[in-house]
Amino acid sequence: MNRMQVEARLKQYLKSHFINFEIDIDNGDPRYTMIFQGYDSAPNKAIESCIWLYDDEMEVRTYYPQVAAEWCKDHSENIPMLMRLFNYINATVWLKSADGAGGTLYQPHHLYTPRIYMTEDDCFDITLTTVICYDFYEVAPLETEDYITAYCPELLAKLSPAIFGLLLDQIDFETAKQYIQINVLKNK
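This one's a predicted model, so the numbers in the text were calculated from it and none came from an experiment.

## Here's the deal with unusual backbone geometry
Excluding glycine, a negative phi dihedral is what most residues carry, and trans is how most peptide bonds are arranged. Non-glycine residue Asn27 carries a positive phi angle of around 55°. Looking at the element boundaries, Asn27 is found in the loop between β1 (22-26) and β2 (29-37). Residue classification places Asn27 among the exposed positions, given a relative accessible area of 75%. Residues other than glycine seldom take positive phi values, yet Lys45 does so here, at roughly 55°. Position of Lys45 relative to the elements: it lies in the loop between β2 and β3 (46-53).

So this is what it looks like as structure tokens:
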């Protein structure tokens, strides 16, 4: 698939699933921006996502709304412990995708390896990022589209209590880690 084919398919998927999006150009590349509402555990009950379409691959960034970045800036003394938690998440949390239809569309499996981090541009955005090559998107289109619009936002929402509990000094590192083990990893 080339970038134009990917863009056409992605646009059709978003429209057919009634996902609101905006398209603009960022540094010469198309960027799709979406806001997903209804995540009670996330700041402002929302998760945002951007997809940059490059020549041979797309970059998918899923992140918390601006209020989360403000919390990071206001509680910057807790960022070292937050980075430790991100290291734990990156080492242990492997997103196992499922079709949301009880396995009738495709079997659950590990397709992607997202990474969570805080951006280094002094914006303090907590971001879950994955780079997906177009050849793989062509082989697993539905899984890729579900990953972008459901799994990544859901993962960030599930991680919210641990991340923001630690950042806002409501819990310590061990409690955040235990929360992830019980609620995200399911004691794995």
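That shown, we press on.
## Looking at the pattern of salt bridges
Scanning all chains against the criterion turns up six salt bridges. A salt bridge links Arg31 to Asp24, with the shortest nitrogen-to-oxygen separation between them at 2.5 Å. Judged by relative accessible area, which is 30%, Asp24 ranks as partly exposed. The salt bridge partner of Arg31 is Asp26, with a shortest N-O separation of 3.9 Å. Each of Asp24, Asp26 and Arg31 takes part in one network of salt bridges that share partners.

About the cut-offs
Once a new chain begins, its residue numbering starts again from 1 and follows that chain's sequence as written. Side-chain atom pairs in this predicted model are given and counted only at pLDDT of 80 or more, local residue features only at pLDDT of at least 70, and totals for whole chains, interfaces and linings cover all residues. Excluding hydrogens and water, the side-chain values take into account all heavy atoms of the structure. What counts as a helix is a DSSP run of H or I of at least four residues, what counts as a strand is a run of E of at least two, and both are numbered from the N terminus. Each residue is placed in one exposure class: buried if its accessible area under a 1.4 Å probe, protein chains only, is under 20% of its type's maximum, exposed if it is over 50%, and partly exposed if it falls in between. Salt bridge criterion: a side-chain nitrogen from Lys or Arg within 4 Å of a carboxyl oxygen from Asp or Glu.

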